[in-house]
Amino acid sequence: MQSIKVFAPATIANVVCGYDILGLAVNAPGDEVLMRLTEKQGIVINKITGDDGRLPTAAAKNTVSLSVQHYLAHIGKPDLGVEIELYKKMPIGSGLGSSSASTVAGLFAINNLMGNLLTAEELVPFAMKGEEMACGYGHADNVAPALMGGFVLVKSYDPLDLIRLPTPSGLHCAIVFPEVDVPTRDARNMIRSKVLLKDAVVQWGNIAGLVSGLFMSDLDLIGRSMKDILVEPVRSILIPDFYKMKEIALENGALGFGISGSGPSVFAFTRDEQTSHNITTKIQAHLTSLNITSQAYCSAVNTVGPKILD
Ligand code: HSE
């Protein structure tokens, strides 16, 4: 019986000013999927751990099996027998691309078992089907970097046009997840659908500055481009003491700070691991003083995407 175990990484979507068009993968946390090919037709989720019973095990309702099913239909094997075990190693509803990490691990696993018929980039549309089910819109800014590694720009959705961006050496991420639940679906529904042209001009400047900073390895330019006047002012309401956490990060050497994906996780870019640790320690201490439990992750940018464990 053929089987494979795969790890897929968490992601920081939006990267502050790039709502739905920019994301990056980190080394930790992430999810693991064990997949086996079986004689019995159809996809079965045998086991999910680490989700406190929150995720559906019905194959049609789980993002992993759903996207694997789309993949199998695409390659002309819709009835293939597949057993899946999902090991959630990261928090759900955290803004760190939790559903994306699971889905991507599953897609990477099945593609490997099928002899790597598709490239990482070609797997992205199947992973977007999982996001569509999880939050109502098939955004690619988590699944594309989770599959492709590094920073990925969604240059357009129709047609899907994905651009790999360079990762400046030394760039480090400090992430804190305050343990309050913010479902992505809700966090998307609260954003205004119309923007003023003068605000769009500011946002365009920042996203262009951020992308330029990545190409130029200019960490100061990256930091001063990490400004979001469209989404952050609305979503920050859901995040406990967001602006105090930002102040702590910037006072302690962060290049820039913002919401990870749809939150409530927040992140800072820093110049080194030590600065990241210092920032997460101070932010966590602040959250503790508010009686809010939290989890922290310090990570370099993951430039490789998923990896095979066994
Ligand atoms: N771009 C998406 C959003 C990412 O902000 O809703 C969700 O993780």
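About the thresholds
- Residues numbered from 1 in each chain as written.
- Predicted model: local features only at pLDDT ≥ 70, side-chain atom pairs only at ≥ 80, totals over all residues.
- Heavy atoms only, no water.
- Core = buried A, V, L, I, M, F, W, Y, C linked by side-chain atoms within 4.5 Å.
- Buried < 20%, exposed > 50% of the residue type's maximum accessible area, 1.4 Å probe, protein only.
- Contact = heavy atoms within 4.5 Å.
- Patch = residues over 30% accessible without salt bridge, like charges linked within 9 Å, V, L, I, M, F, W, Y side chains within 5 Å.
- Areas by Shrake-Rupley, 256 points an atom, 1.4 Å probe, with all protein chains shown as cover.
- Salt bridge = Lys/Arg side-chain N within 4 Å of Asp/Glu carboxyl O.
- Helix = DSSP H or I, 4+ residues; strand = E, 2+ residues; numbered from the N terminus.
- Pairing = 2+ DSSP bridges.
- Right-handed = clockwise from strand over helix to strand, strands pointing away.
- Axes fitted to C-alpha atoms, helices over the stretch in contact; angles between N-to-C directions.

Another aspect to go through is the nonpolar core. Core analysis: the largest hydrophobic core is formed by 38 residues, its most contacted members being Met 35, Tyr 71, Val 82, Ile 110 and Val 124. Sequence-distant contacts of Met 35, defined by excluding residues within four places in its chain, comprise Gln 2, Ser 3, Ile 4, Val 68, Val 82, Glu 83, Ile 84, Gly 106, Ala 109, Ile 110 and Leu 113. Among the nonpolar cores identified, the runner-up in size contains 29 residues, and Cys 17, Leu 96, Leu 153 and Leu 219 belong to it.

Right, let's talk about a nonpolar patch on the surface for a bit. A cluster of nonpolar side chains, contributed by Leu 197, Val 201 and Trp 204, occupies part of the molecular surface with about 360 Å² of accessible area. Tracing the backbone shows Val 201 in helix H6 (residues 197-216).

This paragraph deals with the pairing of strand S3 (residues 43-49). Every other side chain in a regular strand lies on the same face of the sheet, so the side chains alternate between the two faces. As paired strands, S3 and strand S4 (residues 81-87) are joined by six bridges and run parallel to one another. Bridging from a neighbouring strand, Ile 43 pairs with Val 82 of S4. Taken together, S3, helix H1 (residues 63-74) and S4 constitute a β-α-β crossover, and its handedness is left-handed.

So, about the pattern of salt bridges. As enumerated under the stated definition, the model contains 11 salt bridges in all. Ionic pairing is found between Arg 188 and Asp 20, a salt bridge with its closest N-O pair at 2.7 Å. In this pair, Arg 188 sits in helix H5 (residues 184-189) while Asp 20 sits in the loop between strand S1 (3-13) and strand S2 (22-38), placing the two residues 168 residues apart along the sequence. With respect to class, Arg 188 is no different from Asp 20; both count as buried. As a salt-bridge pair, Asp 220 and Arg 271 come within 2.6 Å of each other at their nearest N and O atoms. Of this pair, Asp 220 sits in helix H7 (residues 219-225) while Arg 271 is found in the loop between strand S9 (266-270) and helix H10 (273-289), placing the two residues 51 residues apart along the sequence. Residue Asp 220 is classed as partly exposed on the basis of its relative accessible area of 46%. It is possible to trace a salt-bridge network through shared partners that takes in Lys 5, Glu 32 and Lys 89.

This part is about the sheet that holds strand S10 (residues 294-300). If you trace the four strands from one edge of the open sheet to the other, you get S8-S9-S7-S10, paired in antiparallel fashion. The sheet is open, and its two borders are formed by strand S8 (256-259) and S10, each paired with just one other strand. For this sheet, the mean angle separating the axes of adjacent strands, direction not counted, is 15 degrees. In this sheet, S10 lies alongside strand S7 (residues 172-178) in antiparallel orientation, the contact comprising seven bridges. By the bridge assignment, His 172 is partnered in S10 with Ala 300. In the packing of helix H9 (residues 242-251) onto the sheet, the strands contacted are S7, S8 and S9, and the crossing angle to S8 comes to about 155 degrees. Contacting S7, S8, S9 and S10, H10 crosses the sheet at an angle of about 15 degrees to S7.

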